[in-house]
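# Survey of secondary and tertiary structure
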Amino acid sequence: MTTVHPEHRPERADDDPREPVRPTERDEVAAAGSELFGGPVGRRALTGRAWWSPVRVIALVMIGLFALGMVQKVPCYNGGWFYGQTTQYVHACYSDIPHLYNGRGFADGLTPYFDRIPAATSGGMEYLEYPVLTGVFMKVAAWMTPGGGDIVEREQIYWLVNAGMLMVCAVVIAVSVAWTHRRRPWDALLVALAPAFALNATINWDLLAVSLTAVGMLLWARGRPLGAGVLLGLATAAKLYPVLLLGPLLVLCWRAGRWRAFGAALGGAALSWAAVNLPVMIGAPQGWSKFYTFSQERPVDFGSFWLVISQRTGITLDGESVNTWAILLVLTGCAGIAALTFFAPRRPRFAQLAFLVLALFVLTNKVYSPQYVLWLIPLAALARPRWRDFLIWQSCEVVYFLGIWMYLAWTGSGDAHQGLPTEGYQLAIAAHLIGTLYLCAMVVRDVLRPEHDPVRRDGSDDPSGGPLDHAPDRFVLGRRAQSARTPVPFENSLVRWGTRQAG
């Protein structure tokens, strides 16, 4: 590691560490976009001292974009969900929420997991196929929906109630991301302005798990591993994917020797998950297990590269075999990410590994529903806060969002074949895969060459790392192993990451 002369430092030498990082000064795309609002902020501008703080601005922007996403669903709200076989696909405004109000027995007052759903209502789904905390969320919204009257009107109200609750989750996500990196609150604008976020926010109930995960990461960043574990456990009780974040924490704490922090997070996650699941697991084991059996038995479905292989070869891929291959790919990828962690010149940031692990899961899964992008957006904003790369990825996700609905319109229009044919949908899947892989490549490059990391260019270590931030390495592989116990000089020195120490 060598000392860097101030004139070679990528940031201004007079940066005040107490002031938030201004993206219009350090990001070309942000600077160009700011011309719509008067141009980049001046060097002598007073920031953070008025009511319009970054967090308040971001929260209001999130509310505004979420509302625009709701407006985009108006053609379906006004009839597309209820009349016409392909209307909701042609207008790209599909949502599971109104359909499952009646289809999962909420309109009849059934209790999820405990009451069997009549086949005539559910189409063969005997119990609710969602994790327990999501089922609670759905039931609470059903309680807030007036009973009686026309079923179409009740489904409309149910969607509105859920949209209001999900808007709260969206604001929690944006604020949590803004607070996670203390000096970089404006990075949360990537989340608030993400087009795929607005388009997918009210398709399903994923924002509940995303918001709990975001708060859990915030607590970890604030040095509260037990609280972080509790929130990650609750998030896992709402959606399975948050449990994967314990993997990055394991290898990072291993490299830093922070076993007590990892143990607290793991214990908190296990306890909170059990507190939510055990009552239902004991009282209604069949209903509780439906989510897990449904996930295992589900065939190859929309959005996955497995579907492209099946369609291009004409071979029907068995769901059980794909499960096995997908697990092997995930395990192999996780092994590669662990090796990256231990061989990297500097311990990767938590958000970087969290994004890579979830992206790996999304890319290898046998289904990719369009709302799954919501899992990745907050992590992408923390892992690679560069507008150019983020917008490239978002453009690919918007292409996929439009592609899946146009493909469903084509398959549902019969001989008319109105929409996107199979080959076009395969290109949309390829766009999603390529865009996600591109962002993963940028993150991996930042890990291997930390001087390219936008967060670390000013000498920061891991603002979202909590107990890991500024911690010396205890376990390192490769050529860095000999100096693994040498603390890294962060304060009062400008350093070039990834190079040998001078002298």
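The model shown is predicted, which means the values in this text are computed figures rather than measured ones.

This part is about the overall build of the chain. Across its full length, the chain carries 22 helices and 2 strands. Out of the 503 residues belonging to the chain, those deemed buried represent 55%. Here the analysis covers contacts within the chain between residues at least 6 apart in sequence; of these, 72% occur between residues at least 24 apart.

You can see N277 is positioned in helix α15 (residues 259-283). One polar contact links the side chain of N277 to the main-chain carbonyl oxygen of W273, over a distance of 2.9 Å. With sequence-adjacent residues up to four places away left out, N277 is seen in contact with V132, A237, W288 and Y292.

Two quantities define a packed helix pair, namely the angle between the helix axes and the distance between the axes. Interhelical geometry of helix α13 (residues 225-238) versus α15 gives an angle of 35° and a closest axis separation of 6 Å. In this structure, the crossing between α13 and α15 has a hand that is right-handed. Of the residues in α15, those in contact with P225, L226, G229, V230, G233, L234, T236 and A237 of α13 are A261, A264, A265, G268, A269, S272, W273, V276 and N277. For the contact of α13 with α15, the residue count by class is 11 nonpolar, 6 polar and no charged.

In this description, a pair of aromatic rings is defined by centroid distance and the angle of the planes. For the coordinates displayed, the defined rule picks out 33 aromatic pairs. Taken together, a centroid distance of 5.0 Å and an interplanar angle of 40° make the contact between W288 and Y292 tilted. Remark: Y292 and W288 occur in helix α16 (residues 285-297); sequence separation between them is 4 residues, near one turn of the helix. Judged by centre distance (5.2 Å) and plane angle (90°), the ring pair of F342 and F475 falls under edge-to-face.

A contiguous nonpolar patch, built from L250, W254, W259, F343, F475 and L477 and spanning about 540 Å² of accessible area, is present on the exposed surface. You can see F343 is positioned in helix α18 (residues 319-343). You can call F343 partly exposed: its relative accessible area is 47%.

Take empty space enclosed by the protein next. Enumeration according to the criterion identifies 3 cavities of 30 Å³ or more in this entry. Volume-wise, the second largest cavity comes out at about 80 Å³. For the second largest cavity, the lining is made up of 13 residues, of which T213, A214, M217, P378 and L379 are closest to its centre. Of all the secondary structure elements, the ones that give two or more residues to the lining of the second largest cavity are α9 (151-180), α12 (206-221) and α20 (373-383). Across the lining of the second largest cavity, the residue classes break down as 10 nonpolar, 3 polar and no charged.

Counted at 1.5 Å a residue, the expected span for α9 with its 30 residues is 44 Å, and the 43 Å between its end C-alpha atoms agrees. Taken across its 30 residues, α9 has 22 buried, putting it largely inside the fold.

Now for the environment of G283. Relative to the helices and strands, G283 is located in helix α15. Relative accessible area serves as the criterion here: at 46%, G283 is assigned to the partly exposed category. Expressed as a C-alpha distance, the spacing of G283 and Y113, which sit 170 residues apart in the sequence, is 9.0 Å.

Below, the discussion takes up the nonpolar core. Among the nonpolar cores identified, the biggest contains 139 residues, and Y158, F197, L207, W220, F355, I377 and W405 are the most heavily contacted of them. Ranked by the residues each element gives to this core, the list is headed by α9, at 16 residues. When sequence neighbours within four positions are dropped, the list of residues in contact with F197 reads M62, A170, I173, V191, L207, L374, I377 and Q394.

Inspection of the secondary structure puts I392 in helix α21 (residues 387-412). Note on I392: relative accessible area 35%, which makes it partly exposed. C-alpha separation for the pair I392 and G435, spaced 43 residues apart in sequence, amounts to 6.9 Å.

Moving on, we get to the packing of α18 against helix α19 (residues 350-364). As a packed pair, α18 and α19 sit with axes 9 Å apart at the nearest point and diverge in direction by 160°. Our classification of the angle between α18 and α19 gives roughly antiparallel. Between α18 and α19 lies a crossing of right-handed hand. Every residue of α19 that contacts α18 at A326, L329, V330, G333, C334, I337, L340 and T341 is listed here: L353, L356, V357, L360 and T364.

What follows concerns the state of the cysteines. Formally, a disulfide is one covalent bond, and it connects the sulfur atom of one cysteine to the sulfur atom of another. Under the criterion given, the structure shown has 1 disulfide. Each sulfur in the disulfide pair C76 and C93 lies 1.9 Å from the other. Residues C76 and C93 are joined by a disulfide whose S-S torsion is about 75°; by sign, that bridge is right-handed. Of this pair, C76 sits in helix α4 (residues 74-80) while C93 sits in the loop between α5 (87-90) and α6 (96-103), and the two are 17 residues apart along the sequence.

Summed over the entire model, instances satisfying the criterion amount to 16 salt bridges. Taking the shortest distance from any N to any O, the salt bridge between R298 and D301 comes out at 3.5 Å. Judged by its relative accessible area of 22%, R298 falls in the partly exposed class. Note that R347 and D473 form a salt bridge whose closest N and O atoms lie 2.7 Å from each other. Taken together, the residues span a long stretch of sequence, with R347 in the loop between α18 and α19 and D473 in the loop between α22 (422-448) and β2 (495-496) at a distance of 126 residues. Owing to a relative accessible area of 2%, D473 belongs among the buried residues under this scheme. Look at the salt bridges and you will find they share partners, linking R255, R346, R347, R456, D461 and D473 into a network.

The complete set of buried residues in helix α17 (residues 305-313) reads W306, L307 and S310. Along the long axis of α17, the arc covered by the buried residues comes to 100°, so they all point the same way. Buried residues along α17 sit in contact with α18, α19 and α22. Taken from the residues just after α17, G314 is the one with a positive phi, measuring 80°.

Turning our eyes to something else, we now look at the environment of L100. For L100, the location among the structural elements is in helix α6. Residue L100 is classed as buried on the basis of its relative accessible area, which comes to 10%. Counting along the chain gives 38 residues from L100 to M138, while the straight-line C-alpha distance between them is 9.4 Å. Those residues in contact with L100 that lie beyond four places of it in its chain are G105, F106, Y130 and W205.

Rules and cut-offs
- Residues numbered from 1 in each chain as written.
- Predicted model: local features only at pLDDT ≥ 70, side-chain atom pairs only at ≥ 80, totals over all residues.
- Heavy atoms only, no water.
- Helix = DSSP H or I, 4+ residues; strand = E, 2+ residues; numbered from the N terminus.
- Buried < 20%, exposed > 50% of the residue type's maximum accessible area, 1.4 Å probe, protein only.
- Contact = heavy atoms within 4.5 Å.
- Polar contact = N/O pair within 3.5 Å; in protein donor to acceptor, adjacent residues only side chain to side chain.
- Axes fitted to C-alpha atoms, helices over the stretch in contact; angles between N-to-C directions.
- Left-handed = near helix turned anticlockwise from the far one by under 90°.
- Nonpolar A, V, L, I, M, F, W, Y, C, P; charged D, E, K, R; others polar.
- Phe/Tyr/Trp six-rings, centres within 6.5 Å; stacked < 30°, edge-to-face > 60°.
- Patch = residues over 30% accessible without salt bridge, like charges linked within 9 Å, V, L, I, M, F, W, Y side chains within 5 Å.
- Areas by Shrake-Rupley, 256 points an atom, 1.4 Å probe, with all protein chains shown as cover.
- Salt bridge = Lys/Arg side-chain N within 4 Å of Asp/Glu carboxyl O.
- 1 Å grid on protein atoms, 1.4 Å probe; cavity = no way out; pocket = protein on both sides within 12 Å on 5 of 7 lines; lining within 4 Å.
- Points joined across faces, edges and corners; volume = space filled by probe spheres on them.
- Expected span 1.5 Å × (residues − 1).
- Core = buried A, V, L, I, M, F, W, Y, C linked by side-chain atoms within 4.5 Å.
- Parallel < 35°, antiparallel > 145°, perpendicular 65-115°, else oblique.
- Disulfide = S-S within 2.5 Å.
- Arc of directions from axis to C-beta.

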